[in-house]
Amino acid sequence: MENNSGMPSSSPGPARAQPSAAEAQAALDALAQGRGALAELAITPWWYHPVLAGLVFVFVVGTASAQFWYLTFLAYMVGLAWLVRAYRNLTGIWANGWKIAQGRMLSVVLFAVLLAGVLTSLAVRRGQLDWWWAVVAAVVGALTTLWVGPRLDATLRAALRSAT
Amino acid sequence: MSRATPALDISLLEPKRLQICGALGVIDEMEFGTLRDLLGVADSVLSKHLKTLEEAGYVSSSKQKARETGRPRTWVKLTRSGRIALLGHVAQLRQLAQDVGATTP
């Protein structure tokens, strides 16, 4: 196996070679540098979050319809799959933010708002609320998506830059 | 007080392999070409590093067909044991690196 490091390279197992303190620091520096470069790749296309917010709007408002809810749900799922695929193809990376503590918090906020929106629309479908409540819930869901999305991106980039 | 000798993982002593695991430690998956460009190495070099890491059980890869080209693209992710090895290795490197501060006047 090639070795361009000056350090030993062989099969995994317990270490048989011990780098010096300077070599250990150099390895940590290289690790941080690599993650910093990765942070520059984790740039979400400008249209990603608006499209996602649009899908959320369609999904939440569509849930209120007794006749067409399954069509809007299908459109949401297909759109989501396309969006994820497009992001992966464009950036070459995939990160959901769940591995980062602040990302988890933001994801929970988004999930809670979407759940509240869907429950509101279900109440509209059952006749418990007026139709415009579904529109309000969908707008709130879409705006929350627009608010959370860029913050999740920033959280990921910050985690990449700060991690060693 | 004597300090215990750190047990570094020999698979991760190679800087490029450490960088691979380090990058995959924060994100979920990375495409082969993106990883190659990030490291600035040739395809063959990255393939060898990934083979070593796969044999160690630290990364796993899967092929997914790109709709535009129809060609399969390889996606790489860190396994659970890879994450544990990375965290342990980095912790030991930090411990070793502290000696720089201790010995530098």
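The coordinates are above.
The numbering scheme is per chain: residues are counted from 1 as the chain's sequence reads. Think of it this way: whatever chain is written first is A, whatever ligand is written first is 1, and the rest follow in order. In keeping with the model being predicted, local features are shown solely for residues with a pLDDT of at least 70 and side-chain atom pairs are shown and tallied solely at 80 or more, while totals for entire chains, interfaces and linings include all residues. With hydrogens and water excluded, all non-hydrogen atoms of the structure serve as input to the side-chain values.

Draft legend 1. Structural detail: the overall build of chain A. A run of H or I in DSSP becomes a helix once it reaches four residues, and a run of E becomes a strand once it reaches two; helices and strands are each numbered from the N terminus. Helix and strand counts for chain A come out as five helices and one strand. Here's how the labels work: a residue is buried when its accessible area is under 20% of the maximum for its type, exposed when over 50%, partly exposed in between, all with a 1.4 Å probe on protein chains only. Sorting the 164 residues of chain A into buried and exposed places 41% on the buried side. Within chain A, counting contacts between residues at least 6 apart in sequence, those at least 24 apart form 72% of the total. As displayed, chain A offers around 8,800 Å² of accessible surface, 69% of which is attributable to carbon and sulfur atoms. Contact criterion: two residues are considered in contact whenever any of their non-hydrogen atoms come within 4.5 Å of each other. Note on areas: Shrake-Rupley with a 1.4 Å probe; residue coverage comes only from the protein chains shown.

Draft legend 2. The overall build of chain B, seen in detail. For chain B, the helix and strand inventory stands at four helices and three strands. Secondary structure of chain B in N-to-C order comes out as α-β-α-α-β-β-α. Residues counted as buried form 51% of the 105 residues belonging to chain B. As presented, chain B carries roughly 5,300 Å² of accessible surface, and 52% of it is formed by carbon and sulfur atoms.

Draft legend 3. Examining the pairing of strand S3 (residues 72–78) of chain B more closely. Residues and elements named next belong to chain B. Of all seven residues that make up S3, five are buried, and the element is covered over most of its length. Whether two strands pair depends on DSSP finding at least two bridges between them. Judged from the two bridges that link them, strand S1 (residues 29–31) and S3 form a sheet pairing that is antiparallel. Each bridged residue has a counterpart across the sheet, and for Glu-31 the counterpart in S3 is Trp-75. Bridge count between strand S2 (residues 59–65) and S3: seven bridges; the pairing is antiparallel. Across the sheet, Ser-61 pairs through a bridge with Val-76, a residue of S3.

Draft legend 4. How the structure looks around the layout of surface pockets. All names here are of chain A. The way it works is a 1 Å grid over only the protein atoms, where trapped points that fit a 1.4 Å probe form a cavity and open points with protein on both sides within 12 Å along at least five of seven lines form a pocket, and then any residue with an atom within 4 Å of a point lines it. Grid points are joined across faces, edges and corners, and a volume is the space filled by probe spheres set on the points. Of the pockets and cavities examined, the largest pocket occupies roughly 720 Å³. Going through the elements one at a time, helix H2 (48–63), helix H3 (69–91), helix H4 (101–125) and helix H5 (132–162) are the ones with two or more residues in the lining of the largest pocket. Looking at which element gives the most residues to the lining of the largest pocket, the answer is H4, with six residues. For the lining of the largest pocket, the residue count by class is 17 nonpolar, seven polar and one charged. Amino acids outside the nonpolar list (Ala, Val, Leu, Ile, Met, Phe, Trp, Tyr, Cys, Pro) and the charged list (Asp, Glu, Lys, Arg) are all regarded as polar, and Gly is one of them.

Draft legend 5. Region of interest: the packing of helix H2 (residues 32–39) of chain B against helix H3 (residues 43–55) of chain B. Residues and elements named next belong to chain B. Interaxial angle, 0 to 180 degrees, is taken between N-to-C directions of lines fitted to C-alpha atoms, where a helix line uses only the stretch in contact. Between H2 and H3, the least distance of the axes is 10 Å, while the angle of their chain directions is 105°. Accordingly, the angle class assigned to the pair H2 and H3 is roughly perpendicular. Note on element contacts: H3 touches H2 through Asp-43, Leu-46, Ser-47 and Leu-50, opposite Phe-32, Leu-35, Arg-36 and Leu-39. Roughly parallel means an angle under 35 degrees; roughly antiparallel, over 145; roughly perpendicular, 65 to 115; everything else is oblique.

Draft legend 6. Looking closely at H2 of chain B. All names here are of chain B. Taking burial as the measure, the eight residues of H2 include six buried ones, the bulk of the element. What H2 keeps buried is the set Phe-32, Gly-33, Thr-34, Leu-35, Leu-38 and Leu-39. For the purposes of these results, a polar contact is taken to be a pair of N or O atoms within 3.5 Å, where, inside protein, one atom must be able to donate a hydrogen and its partner to accept one; residues adjacent in sequence count only when each atom of the pair is a side-chain atom. Sitting at the head of H2, Glu-31 places a side-chain oxygen 3.0 Å from the backbone nitrogen of Gly-33. Two residues or fewer after H2 comes Gly-40, characterised by a positive phi angle close to 70°.

Draft legend 7. Representation of the side chain of Thr-145 of chain A in the model. In this fold, Thr-145 of chain A is placed in helix H5. Ignoring any residue separated from it by four or fewer positions in sequence, one finds Thr-145 of chain A in contact with His-49, Leu-52, Ala-53, Val-56, Leu-110 and Pro-150 of chain A.

Draft legend 8. A nonpolar patch on the surface, seen in detail. The grouping of Leu-129, Trp-131, Trp-132, Trp-133, Val-135, Val-136, Val-139, Val-140, Leu-143 and Leu-146 of chain A at the surface amounts to a nonpolar patch, some 880 Å² of accessible area in total. With a relative accessible area of 32%, Leu-129 of chain A lands in the partly exposed category. Patch membership needs two things, relative accessible area over 30% and no salt bridge, and members are linked within 9 Å if like-charged or within 5 Å if nonpolar (Val, Leu, Ile, Met, Phe, Trp, Tyr). Between Lys or Arg on one side and Asp or Glu on the other, a salt bridge is scored when a side-chain nitrogen of the former is within 4 Å of a carboxyl oxygen of the latter.

Draft legend 9. Representation of the sheet that holds strand S1 (residues 93–94) of chain A. The antiparallel open sheet is built from four strands, whose spatial order is S1(A)-S1(B)-S3(B)-S2(B). Two strands lie at the open edges of the sheet, namely S1 of chain A together with S2 of chain B, each paired on one side alone.

Draft legend 10. Fine view of the packing of helix H1 (residues 21–41) of chain A against helix H1 (residues 15–24) of chain B. Remark: H1 of chain A packs on H1 of chain B, axes separated minimally by 9 Å, with the N-to-C direction vectors making an angle of 45°. It follows from the interaxial angle that H1 of chain A and H1 of chain B lie oblique. Viewed along their axes, H1 of chain A and H1 of chain B form a crossing whose handedness is right-handed. The segment H1 of chain A lies against H1 of chain B, with Ala-27, Ala-30, Leu-31, Gly-34, Arg-35 and Leu-38 of chain A engaging Leu-18, Gln-19, Gly-22 and Ala-23 of chain B. For the contact of H1 of chain A with H1 of chain B, the class distribution of residues is six nonpolar, three polar and one charged. Handedness of a crossing follows from how the near helix is turned relative to the far one, being left-handed for an anticlockwise turn of less than a right angle and right-handed for a clockwise one.

Draft legend 11. Main features of H1 of chain A. Residue and element names in this part refer to chain A. The end-to-end C-alpha distance of H1 is 31 Å, a good match for the 30 Å that 21 residues give at a rise of 1.5 Å each. Buried within H1 are the following residues: Ala-21, Ala-24, Ala-27, Leu-28, Leu-31, Gly-34, Arg-35, Leu-38 and Ala-39. Seen from one end, H1 has its buried residues packed into an arc of 150°, which puts them on one side. Set apart from the buried face of H1 by more than 90 degrees, the exposed residues are Ala-22 and Gln-33. Each helix should span, by expectation, one fewer than its residue count multiplied by 1.5 Å. Arc definition: it is the arc formed by the directions from the helix axis to the C-beta atoms.

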